[in-house]
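Notes for the structure review
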Amino acid sequence: MSNKVRVRFCPSPTGDPHVGMVRTALFNWAFAKHNNGTFVFRIEDTDTSRDSEESYQALLDSMRWLGLNWDEGPEVGGPFGPYRQSERMDIYKDVAKKLYEKGFAYHCYCTQEEVEERRKAQKEKGQTPGYDAHCRELTDSQIAEFKCKNREPVLRFRMPSKTISWNDLVRGELSFKHEHIPDYVLVRANGDPLYTLVNPTDDALMEITHVLRGEDLLSSTPRQIALYEAFKEIGVGKGITPDFGHLPYVMGEGNKKLSKRDPESSLLLYRREGFLPEGLLNYLALLGWSFGNDIEFFSMQEMADNFEISRVSANPARFDIKKCTAINADWIRKLSVPELANRMEKQLIDSKILPNSPSPEQKELLISATPLVQERLETLSQVPGMLSFFFVSESEFVVDKEDAKNTLTQDLLPALEKSVKLLRDIPEFKTQSLHDELNKLLVTEMGLKPRVIFTALRVAVTGRKVSPPLFESMEIMGRDKVISRIEKCLKK
RNA sequence: GCCCCUGUCGUCCAGUGGCCUAGGACGCCGCCCUUUCACGGCGGUAACGCGGGUUCGAAUCCCGUCGGGGGUACCA
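Residues numbered from 1 in each chain as written. Chains lettered and ligands numbered in written order. Predicted model: local features only at pLDDT ≥ 70, side-chain atom pairs only at ≥ 80, totals over all residues. Heavy atoms only, no water.

A few words now on the protein's contact with RNA strand B. Among the 59 residues in the neighbourhood of RNA strand B, the closest are listed as Arg119, Arg171, Arg376, Arg458 and Lys465. Ser219 places a polar side-chain atom, nitrogen or oxygen, 3.1 Å from a sugar or linking oxygen of RNA strand B. Leu286 is positioned such that a nitrogen or oxygen atom in its backbone is 3.0 Å from a sugar or linking oxygen of RNA strand B. For the surface near RNA strand B, the elements supplying multiple residues, two or more each, are helix H4 (112-124), strand E4 (154-157), strand E6 (172-176), strand E11 (317-318), helix H11 (321-334), helix H18 (450-462) and helix H19 (470-477). By residue number, the principal contributor to the surface near RNA strand B is H11, which donates four residues. Tallied by class, residues from the surface near RNA strand B come to 22 nonpolar, 16 polar and 21 charged. (Near = heavy atom within 4 Å. Polar contact = N/O pair within 3.5 Å; in protein donor to acceptor, adjacent residues only side chain to side chain. Helix = DSSP H or I, 4+ residues; strand = E, 2+ residues; numbered from the N terminus. Nonpolar A, V, L, I, M, F, W, Y, C, P; charged D, E, K, R; others polar.)

Attention now moves to the pairing of strand E5 (residues 164-168). Only one face of E5 is buried: it carries Ile164, Trp166 and Asp168, and the other face, with Ser165 and Asn167, is open. Looking at chain direction, E5 and E6 are connected through five bridges and run antiparallel. Within the sheet, the bridge partner assigned to Asp168 lies in E6 and is Gly172. Hairpin geometry of E5 and E6 is characterised by an intervening segment of three residues between the two adjacent antiparallel strands. (Buried < 20%, exposed > 50% of the residue type's maximum accessible area, 1.4 Å probe, protein only. Pairing = 2+ DSSP bridges.)

What follows deals with the sheet that holds E4. Taken together, three strands build an open sheet; the order of strands is E3-E4-E7 and the sheet is antiparallel. This sheet does not close on itself; its edge strands, each paired only once, are strand E3 (105-108) and strand E7 (185-187). Neighbour to neighbour, the strand axes of the sheet diverge by 45° on average, direction disregarded. Where E3 and E4 come together, four bridges link them in antiparallel fashion. Paired with Cys108 across the strands is Val154, a residue of E4. (Axes fitted to C-alpha atoms, helices over the stretch in contact; angles between N-to-C directions.)

What follows is about the pattern of salt bridges. For the structure shown, the criterion picks out 28 salt bridges. One salt bridge connects Arg50 with Asp47, and the closest N-O pair in it is separated by 3.8 Å. By relative accessible area, Arg50 is classed as exposed at 56%. Across the pair Arg333 and Asp330 runs a salt bridge, and its minimum N-O distance is 3.0 Å. Taken together, the positions of Arg333 and Asp330, both in helix H11 and three residues apart, correspond to about one turn of that helix. Residue classification places Arg333 among the partly exposed positions, given a relative accessible area of 40%. Overlapping salt bridges, with partners in common, bring together Arg8, Arg42, Glu44, Arg88, Asp202 and Asp203 in one network. (Salt bridge = Lys/Arg side-chain N within 4 Å of Asp/Glu carboxyl O.)

Glancing now at unusual backbone geometry. A cis amide bond, omega 0°, links Gly81 with the succeeding residue Pro82. Assignment of secondary structure puts Pro82 in the loop between helix H2 (53-66) and helix H3 (89-101). Phi at Glu207 is positive, roughly 55°, even though this residue is not glycine. With relative accessibility at 22%, the residue Glu207 sits in the partly exposed group. The residue Lys352 is not glycine, and still its phi comes out positive at about 65°. By relative accessible area, which is 72% here, Lys352 ends up exposed.

Here we come to the confidence of the model for chain A. Looking at chain A, the pLDDT average stands at 90 and 99% of residues meet or exceed 70. Across the interface, the model reports ipTM at 0.94; the global pTM reads 0.91. (pLDDT = per-residue confidence, 0-100.)

Our focus in this paragraph is the packing of aromatic side chains. Following the criterion strictly, the structure yields 16 aromatic pairs and no others. Geometrically, the ring pair formed by Tyr283 and Phe319 is edge-to-face, given 5.1 Å between the ring centres and 85° between the ring planes. Taken together, the residues span a long stretch of sequence, with Tyr283 in helix H9 (residues 277-286) and Phe319 in the loop between E11 and H11 at a distance of 36 residues. Members of the aromatic cluster, connected to one another through ring pairs, are Phe27, Trp289, Phe291, Phe298 and Phe307. Over the ring of Phe27 we find Arg23, and its NZ or CZ is 5.2 Å from the ring centre. Over the ring of Tyr131 we find Arg156; its NZ or CZ atom is 3.5 Å from the centre of that ring. (Phe/Tyr/Trp six-rings, centres within 6.5 Å; stacked < 30°, edge-to-face > 60°. Lys NZ or Arg CZ within 6 Å of the ring centre and 35° of its normal.)

Looking now at empty space enclosed by the protein. A complete count under the given rule lists three cavities of 30 Å³ or more for this structure. Each pocket or cavity is described by its volume, and for the largest cavity that value is around 50 Å³. Together, Phe9, Pro17, Met21, Val22, Ala25, Leu59, Ser62, Met63, Leu66 and Leu267 line the largest cavity. Going through the elements one at a time, helix H1 (19-34) and H2 are the ones with two or more residues in the lining of the largest cavity. (1 Å grid on protein atoms, 1.4 Å probe; cavity = no way out; pocket = protein on both sides within 12 Å on 5 of 7 lines; lining within 4 Å. Points joined across faces, edges and corners; volume = space filled by probe spheres on them.)

This brings us to H2. Over its 14 residues, H2 extends 20 Å from the first C-alpha to the last, a length consistent with the 20 Å expected when each residue adds 1.5 Å. All buried positions along H2 are accounted for by Ser55, Tyr56, Leu59, Leu60, Ser62, Met63 and Leu66. Down the axis of H2, the buried side of the element spans an arc of 160°, and every buried residue falls inside it. Turning to H2, the residues buried within the fold contact strand E1 (6-9), H1, strand E2 (38-41), helix H8 (267-272), H9 and helix H10 (300-306). (Expected span 1.5 Å × (residues − 1). Arc of directions from axis to C-beta. Contact = heavy atoms within 4.5 Å.)

Next up, the structure:
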């Protein structure tokens, strides 16, 4: 069991969770499940200036909403905890010390300005800019001199002079020459450990075997691999370097990476807009991965069963809201009626159309209305607009002005009057007989166009041109409500 | 500038030397169904960035070129 797959998802709690992040989490999750491995959830909150408790909570909440359950991590625990980096500072301090003592890292006294200036000079000469190893071999007297100037050193990693290559899980063989990977900072002058140190440290300590992360981390991989080799020497972790796989970007409109700042990248937005976690995840899975056949509609479990990392594409994918919506609509249609009704209920409560605890009658009404809208919903946010007419009281009910224009016209009033009479007398207030009788009266006898008169009735009864099927809606509402609404129109 | 990644319909994905006159999905257009809108059904639209090779044969291999993205931090 020692070669068990262990992967991690390790976001920073800064700002709202976004869809690119979800995609990364999903692929890690699927990879873990597929390989019967462990999915570790770790919080990288070492940057106190940017992290917030609020984001942290939003992160956990989002992961739970999506159903991306973790085997180890916050609130779940596990043998490698704690899983929040802010609680692991002593560990990093210790690793940094070992690195320094064994000569894998050194103190660098250069100021940021000095480094920047030399970088500029390198650029002008057409060289790869980067730290020039200035402080690699300082003498004691040089160090003493810096100390006199009250300079606090940063801790820099001593990159080995060799080409570093690895077989990327999604991109294949990759290699970087040592002159392009300068010595980099592990610990700030003020003592704060950086991502460059804490991320590999925790991966090593948590015995992570596969690192699946965004393409943006691609260029930092060689330095991490070198760090792992040092870890092996100083006994941090089990001495294994994980396999790396770099996932392509999720792009927004145009050609830019979907960043946290883009509103359309916020997971919360999609949640608010009434996307189902199933639908969103299904769509995100398609961004960079496929079964290899033409199947595009699948559950997370099916994805996990079939997830091959080698099938992940390396090219960036644009997030297409239209397709995401289409898949979401498929998922809505796939839900069972009680399940959909349940989710719609939440939506209706949130938009104040239903009270916090709906009455049994309201619940029943919702259940019977659900099949009528199931195939016309794309997102849950459309529910209130489509169903409110069922629930509002007669005094609150209003006909949409725009929709009434050109549909509820003067010349149709006689027909509506006759309809009311018919509705009052019809023995069976059921879909079929309503359809038959109204059709007979209005179309056959009065010679009206079905399209015209039924649209008028629809607007009168539901308040909208677009609504659940008319006769079904009438049956569900019941005789009194239907008649009262038509009469209301007649009075005007 | 330097380094790295990447390049098939508008978008996402399929395609790893002949099954490709390039397939599916979303979008868009048209038709059918129909009491509106949808749903569903049917059909259409539309792509291998470019130039050289290699080969009997290339979207698939090689070289070049152009384009897109990222990195080049005491960010991640």
